[in-house]
Amino acid sequence: MLRLALIVLLIAAPALADDATMISRYADVRGDCREGQTVDGRELSEDEIVKVCAERDVIGKDLTDKGYCWDSGEQTWIICPLTN
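Residues numbered from 1 in each chain as written. Predicted model: local features only at pLDDT ≥ 70, side-chain atom pairs only at ≥ 80, totals over all residues. Heavy atoms only, no water.

Draft legend 1. Just the state of the cysteines, in detail. All chains considered together, the criterion is met by 2 disulfides. Here C33 engages in a disulfide with C53; their sulfurs sit 1.8 Å apart. Sign of the S-S torsion, about 100 degrees for the bond between C33 and C53, identifies this disulfide as right-handed. In this pair, C33 sits in helix 2 (residues 19-35) while C53 sits in helix 3 (residues 46-65), placing the two residues 20 residues apart along the sequence. For the residue pair C33 and C53, the accessibility class agrees, reading buried in each case. Sequence-ordered numbering of the bonded cysteines in the protein yields a pairing of 1-2, 3-4. (Disulfide = S-S within 2.5 Å. Helix = DSSP H or I, 4+ residues; strand = E, 2+ residues; numbered from the N terminus. Buried < 20%, exposed > 50% of the residue type's maximum accessible area, 1.4 Å probe, protein only.)

This is the structure we're talking about:
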C-alpha cells in the first residue's frame, strides 16, 4: 500500500508544484533539451536528452492545462488572455 502511495505521489508531484517553480523548471529543461548539454556545459547522452525533452513536454502540457501560454516572443509563459 505504501508503495502505491509513493507511486501516486511521484506521478502527481509536478501537478503539486507551484506555477513559478514549474515555469523555472521548464526553462531549465528546455535549454538542456535544445542544446543537448547542461547550463554548466556537460554534454548529455541521447537517453538524457530524451528524458529532459519528455520532462519539458510534460511541464508544458501541465502549464497549458492550467491556462498558460507563450507570450508573443515565445520566451515567457503568461496566463492566456480570455477570448470571446
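Draft legend 2. Seen up close, the packing of helix 2 against helix 3. The contact between helix 2 and helix 3 brings their axes to 9 Å, and the two run at 145 degrees. Viewed along their axes, helix 2 and helix 3 form a crossing whose handedness is left-handed. Across the interface between the two elements, M22, I23, R25, Y26, V29, R30, D32 and C33 of helix 2 pack against I49, V52, C53, E55, R56, I59, G60, D62 and L63 of helix 3. Of the residues contributing to the contact of helix 2 with helix 3, the split by class is 10 nonpolar, 1 polar and 6 charged. (Axes fitted to C-alpha atoms, helices over the stretch in contact; angles between N-to-C directions. Left-handed = near helix turned anticlockwise from the far one by under 90°. Contact = heavy atoms within 4.5 Å. Nonpolar A, V, L, I, M, F, W, Y, C, P; charged D, E, K, R; others polar.)

Limitation: the analysis is restricted to geometry and does not speak to function.
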